[in-house]
Amino acid sequence: MEKKVYLTLQNGKVFEGYSFGAEREVIGELVFTTGMTGYIETLTDPSYYGQIVTQTFPLIGNYGIISEDYESKRSWITAYVVREKCDTPSNFRCTDTLESFLKEQDIPAVYGIDTRELTRIVRETGVMNAAFTFSPLKDLSALKAYKIRDAVRTVTTDEISVIGDRGYPHVVLYDFGAKGNIERELLKRGCRVTVVPAFYPAEEVLKLNPDGVMLANGPGDPAENTEIIANIKKLIGKKPLFGICLGHQLLALAMGGKTRKMKYGHRGANQPVKQVSTGRVFISSQNHGYEVVSEGLPGGMVSFINVNDGTCEGVDYPEANAFTVQFHPEACGGPHDANYLFDEFIARMKKEK
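Quantities reported herein were computed from a predicted structural model and do not represent experimental measurements. (Residues numbered from 1 in each chain as written. Predicted model: local features only at pLDDT ≥ 70, side-chain atom pairs only at ≥ 80, totals over all residues. Heavy atoms only, no water.)

Here the focus is the environment of Cys-191. Mapped onto the elements of the fold, Cys-191 is located in the loop between α6 (180-188) and β12 (192-197). Using a relative accessible area of 2% as the deciding quantity, one classes Cys-191 as buried. Sequence separation of Cys-191 and Trp-76 is 115 residues, and the distance between their C-alpha atoms is 28 Å. With residues up to four places along the chain from it excluded, the contact list for Cys-191 reads Ile-163, Gly-164, Gly-167, Tyr-168, Pro-169, Val-171, Leu-186 and Ile-346. (Helix = DSSP H or I, 4+ residues; strand = E, 2+ residues; numbered from the N terminus. Buried < 20%, exposed > 50% of the residue type's maximum accessible area, 1.4 Å probe, protein only. Contact = heavy atoms within 4.5 Å.)

If you want it as structure tokens, here you go:
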């Protein structure tokens, strides 16, 4: 028998659906993603830590679960919302169903909700908290008080690891919640990658004598990470730097810039970004709820802007030999328009050498 679930929003709006994941009650930040494919990557992306993720595409689970496509070892989302779930996936690489995966990962999920209406509310009102309960929620105080905290500290690795130990150039990858495909793109280009925890001291990184440092993606409010920002300051100008998503925001803060929370952020695989120097438009994958403030950015020049809303999508820091992007050039399963940025990073490291 199907078990009814109540999704209660911070503004008091209630949606009713049916449980198909772990049977437990949770509170999280409600967001939506517009990706038509890539739900496995969404489920395993650490950047979604603390969030209840709504898929706008109506049918989810049709190609099942494929462990080789994971972006991390587990799912970090708080809960999952879909219009319709597929119980009979068809794909030659499929090893599990969506429902089995969610139960194994202890992730609550609901189907049968009008995700179009839910998305409209978030777009018009802005990101808000929501609760999964098995009976109508009467007291909204805990729901309204919820805030994502210690996100990077929760998702980062606990140990140093080296991949491609004979490769060149040597890249230190700061794991703020790094997607696995960042490593894969670097390895594809022959790099040796040393993955370090988010709070690993800059002095120790410099002792490793890398050819460059990558600042990875990750979850939460960038300004919360004061210790990491102070650490990044010590790396500026010492080695070529490349930042993606949260890494883009953290470097801007380390340079003296500012960030701010967006109304509902950018999440999905269809965000158009324009390269300022050429006017060329790239279609990008994105997953963020904060933006770098373009005005008065010390030492930096905006290199990409979002075509839809004009927000900052990339910054170049010529004096520091650093560049960052808000979107995901390592996007898997796509789009791959901006994949060349990894080649740009390789070229900068070799030139510096």
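Moving on, we get to the pattern of salt bridges. All chains considered together, the criterion is met by 21 salt bridges. Note that Glu-185 is salt-bridged to Arg-189, the shortest N-O span being 2.7 Å. Where Arg-348 meets Asp-316, a salt bridge forms, and the shortest distance between an N and an O atom there is 3.2 Å. Here Arg-348 is found in helix α10 (residues 340-352), whereas its partner Asp-316 is found in strand β18 (residues 312-317), with 32 residues between them in sequence. Here Arg-348 falls in the buried class, since its relative accessible area comes to 17%. Look at the salt bridges and you will find they share partners, linking Lys-85, Asp-87, Glu-99 and Lys-103 into a network. (Salt bridge = Lys/Arg side-chain N within 4 Å of Asp/Glu carboxyl O.)

Pairing within the closed barrel is mixed, and its seven strands lie in the order β1-β2-β8-β6-β4-β3-β9. On average, adjacent strands in this sheet sit at an angle of 35° to one another, irrespective of strand direction. Of the strand pairs in this sheet, strand β3 (residues 26-33) and strand β4 (residues 51-55) are connected by five bridges, and their pairing is parallel. What sits directly across from Glu-29, in β4, is Gln-51. Where helix α3 (residues 115-125) meets the sheet, it contacts β1 (4-9), β2 (14-19), β3, β4, β6 (79-81) and β9 (128-133), and its direction lies at approximately 90° from that of β3. (Pairing = 2+ DSSP bridges. Axes fitted to C-alpha atoms, helices over the stretch in contact; angles between N-to-C directions.)

Core analysis: the biggest nonpolar cluster contains 29 residues, and Tyr-174, Phe-176, Val-213, Ile-232 and Tyr-317 have the highest contact counts within it. When residues of this core are traced back to their parent elements, those giving at least two are β11 (170-175), α7 (202-207), β13 (212-215), α8 (226-233), α9 (246-254) and β18. In terms of residue count, α9 provides more of this core than any other element does, six residues in total. One finds Val-171, Val-193, Met-214 and Phe-323 within the second-largest nonpolar core, a separate group that totals 25 residues. (Core = buried A, V, L, I, M, F, W, Y, C linked by side-chain atoms within 4.5 Å.)

Another point: the layout of surface pockets. In this model, the largest pocket occupies a volume close to 570 Å³. In this structure, the largest pocket is lined by 22 residues; those nearest its centre are Ser-72, Lys-73, Thr-157, Asp-175 and Glu-183. At the level of secondary structure, the elements contributing two or more residues to the lining of the largest pocket comprise β10 (161-163) and α6. No other element matches α6, which puts three residues into the lining of the largest pocket. Within the lining of the largest pocket, the residues separate by chemical class into seven nonpolar, six polar and nine charged. Roughly 440 Å³ of internal volume is contained in the second largest pocket. (1 Å grid on protein atoms, 1.4 Å probe; cavity = no way out; pocket = protein on both sides within 12 Å on 5 of 7 lines; lining within 4 Å. Points joined across faces, edges and corners; volume = space filled by probe spheres on them. Nonpolar A, V, L, I, M, F, W, Y, C, P; charged D, E, K, R; others polar.)

Below, the discussion takes up the pairing of β3. For β3, a buried count of seven out of eight residues is recorded, marking the element as mostly surrounded by other parts of the structure. Pairing between β3 and β9: five bridges, direction antiparallel. Bridged to Val-26 within β9 is Phe-132.

A few words on the environment of Asn-306. With respect to the helices and strands, Asn-306 occurs in strand β17 (residues 301-306). When the C-alpha positions of Asn-306 and Lys-179 are compared, they lie 22 Å apart, and in sequence the two are 127 residues distant. In this view, Asn-306 contacts His-266, Gln-271, Pro-272, Val-273, Gln-286, Thr-311 and Glu-313; residues no more than four positions away in its chain are not counted. Of the polar contacts made by the side chain of Asn-306, one reaches the side chain of Glu-313; its length is 2.8 Å. (Polar contact = N/O pair within 3.5 Å; in protein donor to acceptor, adjacent residues only side chain to side chain.)

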